[in-house]
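What follows is the residue order along each chain.
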Amino acid sequence: MKNRILLLIMALVAMHMGNAQDSNSTKVILITLDGFRWQELFTGADSLLVANKEYVHNPDMLKNTYWRDTPKERREVLLPFVWGQVSKMGQLHGNRNLDSKVNLTNTMWFSYPGYNEILTGTADDARITSNDKMNNPNTTILERYNNSPKGKGRVAAFGSWDVFPYIINEERSGIPVNAGFESATENLNEREKFLNQLQEQIPSPWGSVRLDAFTHHYALEHMKKEHPNLVYISYGETDDFAHDGDYQSYLKSAHNTDALIKELWEFTQEDEFYKDQTVFLITTDHGRGTQPLDTWRSHGSKINGAGQVWLIAFGKGVKALGEMENEQLYSNQIAPTVLQLLDIPMVKEIKGSPLKL
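It should be emphasised that the depicted structure is a prediction, and the values quoted were computed from it without experimental measurement.

Draft legend 1. Just the sheet that holds strand 1 (residues 27–33), in detail. Pairing is mixed across the open sheet formed by 8 strands, whose spatial order is 5-4-6-1-7-9-2-10. In this open sheet, the two edge strands, each paired with only one partner strand, are strand 5 (177–179) and strand 10 (322–323). Both strand 1 and strand 7 (residues 278–283) contribute to a ladder of 6 bridges, which runs parallel. Within strand 7, the position partnered with I29 by the bridge is F280. Those strands touched by helix 5 (residues 80–89) are strand 2 (90–93), strand 9 (311–315) and strand 10, and its axis lies near 115 degrees from that of strand 2. Each of strand 1, strand 6 (230–235) and strand 7 touches helix 6 (residues 111–120); the most contacted strand, strand 1, lies at about 165 degrees to it.

See the structure below:
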């Protein structure tokens, strides 16, 4: 009996030490905004689009909401969290007006190849040539971390686009991916039950992409319950509203996503597990066109500027440098940066080098 009690005590002590060590290790929240242009991020509403009746159904309302005299004022009203808080505590890369450049290394310049590059650290133009629902032959950092002793079962992914289970290769990797119109399924709390019900009742404008609020709240509830060390969240509305030619909804969605990211940040700063231990990395899978004007709706290898992207970083250990100048970064550097933050060894398959944050 005494031996059993002693073993139980030793197990509890080991568990406590493991939890304490885990609570002091770095966590990473990787976020993407599908197809959101660097132009709006750094200069706010586009003067050529904000009052253009071809793309805006209520120009007066949109100008009143998002138009201001200077680019600085316009970006602040569009993305108040990014420019009111993040710019003071983190780094923003990709403002080409300051010769800060972030580029894709893949030459496809659309979603699946972009996400593959972000999540694996390597472009694969030979095999990733479409947005088809094909299981990714490459290994993402989510899978690499899940395959490590410290990361096993401590990873989760959430996306608005229903192709993410294939991009992450949920079947092979074992990573739980809640994407498209999937419901929450494990150990449901009351909010998740309500989200499941609401998702069935509120139609999405698109057949393959749900509204971002569902993606966000599914992710947030999972983080509250399970406390994964590595979370990937992909918001998708900005890309689809742009394809629809709806600049008004494109801006509104970007503004809403700014508030969603703020909510995630505030949660991590109130939660004992994440507080002061979490790094946020935010980027996009591709850019969009600018000239001719209608190419703002599009991307791909034939669209000038669609390979131009951006990166935001803030949180634990990230130097507060604000807007960066005179640099050249690439999307394939994001994956090795995440592995470095999580103290996972690099592998030769990753072509990018970690960022110096």
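Draft legend 2. Structural view of the sheet that holds strand 11 (residues 327–330). Pairing is mixed across the open sheet formed by 3 strands, whose spatial order is 8-3-11. Each edge of the sheet is formed by a strand with only one pairing partner; in this case those strands are strand 8 (308–309) and strand 11.

Draft legend 3. Structural detail: the UniProt feature "domain: Metalloenzyme" (unreviewed entry) in the protein chain. Here, the residues flagged by UniProt with the feature "domain: Metalloenzyme" (unreviewed entry) are residues 191–344. Overall, residues 191–344 shows 42% helix and 16% strand. The separation of its end C-alpha atoms is 34 Å.

Draft legend 4. The arrangement of the packing of aromatic side chains in detail. Per the counting criterion, the structure on display carries 18 aromatic pairs. Between Y247 and W296, the aromatic rings sit 5.2 Å apart at their centres with planes inclined by 90 degrees, giving edge-to-face as the arrangement. Remark: W296 occurs in the loop between strand 7 and strand 8 and Y247 occurs in helix 13 (residues 247–270); sequence separation between them is 49 residues. The exposure class of Y247 is buried, given its relative accessible area of 0%. A centroid spacing of 5.6 Å and a plane angle of 75 degrees characterise the contact between W265 and F280, whose relative ring orientation is edge-to-face. Placement of W265 in helix 13 and of F280 in strand 7 is noted, with a sequence separation of 15 residues between them.

Draft legend 5. Layout of the environment of P203. Counting through the fold element by element, P203 comes out in the loop between helix 10 (190–201) and helix 11 (212–226). For P203 and S183, which are 20 residues apart along the polypeptide, the C-alpha to C-alpha distance reads 14 Å.

Draft legend 6. Here's a closer look at the pairing of strand 4 (residues 155–159). The element strand 4 is largely enclosed, with a buried count of 5 among its 5 residues. Here strand 4 shows no split at all, with V155, A157 and G159 on one side and A156 and F158 on the other all buried. Both strand 4 and strand 6 contribute to a ladder of 5 bridges, which runs parallel. The residue bridging V155 from the neighbouring strand is L230, located in strand 6. Here 3 bridges tie strand 4 to strand 5, and the two strands are oriented parallel to one another. The residue of strand 5 that forms the bridge with G159 is A179.

Draft legend 7. Spotlight on the environment of D162. Residue placement: D162 occurs in the loop between strand 4 and helix 8 (164–167). At 3.0 Å, the side chain of D162 forms a polar contact with the side chain of K133.

Draft legend 8. Seen up close, the packing of helix 5 against helix 13. Contact geometry of helix 5 with helix 13 gives a least axis separation of 8 Å together with a crossing angle of 45 degrees. In terms of orientation, helix 5 and helix 13 fall into the oblique class. Along its contact with helix 5, which presents P80, F81, V82, Q85 and M89, the element helix 13 presents H255, D258, I261, K262 and W265. Of the residues in the contact of helix 5 with helix 13, the class split is 6 nonpolar, 2 polar and 2 charged.

Draft legend 9. Highlighting the side chain of T283. Take T283: it is sitting in strand 7. A polar atom in the side chain of T283 sits 2.6 Å from the backbone oxygen of W310. Filtering out sequence-adjacent residues up to four positions away, T283 remains in contact with I31, T32, L33, I118, W310, L311 and I334.

Draft legend 10. Just helix 10, in detail. The first and last C-alpha atoms of helix 10 sit 17 Å apart over 12 residues, in line with the 16 Å expected at 1.5 Å per residue. Taken together, the buried positions of helix 10 are E192, L195, N196 and Q199. Buried residues of helix 10 fall within an arc of 100 degrees about the axis and therefore sit on the same side. Away from the buried face of helix 10 by more than 90 degrees, exposed residues E190 and Q201 are located. Against the buried residues of helix 10 lie helix 11. The N-cap residue of helix 10 is N189: its side-chain oxygen and the backbone nitrogen of R191 are 3.1 Å apart.

Conventions and cut-offs
- Residues numbered from 1 in each chain as written.
- Predicted model: local features only at pLDDT ≥ 70, side-chain atom pairs only at ≥ 80, totals over all residues.
- Heavy atoms only, no water.
- Pairing = 2+ DSSP bridges.
- Helix = DSSP H or I, 4+ residues; strand = E, 2+ residues; numbered from the N terminus.
- Contact = heavy atoms within 4.5 Å.
- Axes fitted to C-alpha atoms, helices over the stretch in contact; angles between N-to-C directions.
- UniProt positions renumbered as here; feature names shortened; annotations may be inferred.
- Phe/Tyr/Trp six-rings, centres within 6.5 Å; stacked < 30°, edge-to-face > 60°.
- Buried < 20%, exposed > 50% of the residue type's maximum accessible area, 1.4 Å probe, protein only.
- Polar contact = N/O pair within 3.5 Å; in protein donor to acceptor, adjacent residues only side chain to side chain.
- Parallel < 35°, antiparallel > 145°, perpendicular 65-115°, else oblique.
- Nonpolar A, V, L, I, M, F, W, Y, C, P; charged D, E, K, R; others polar.
- Expected span 1.5 Å × (residues − 1).
- Arc of directions from axis to C-beta.

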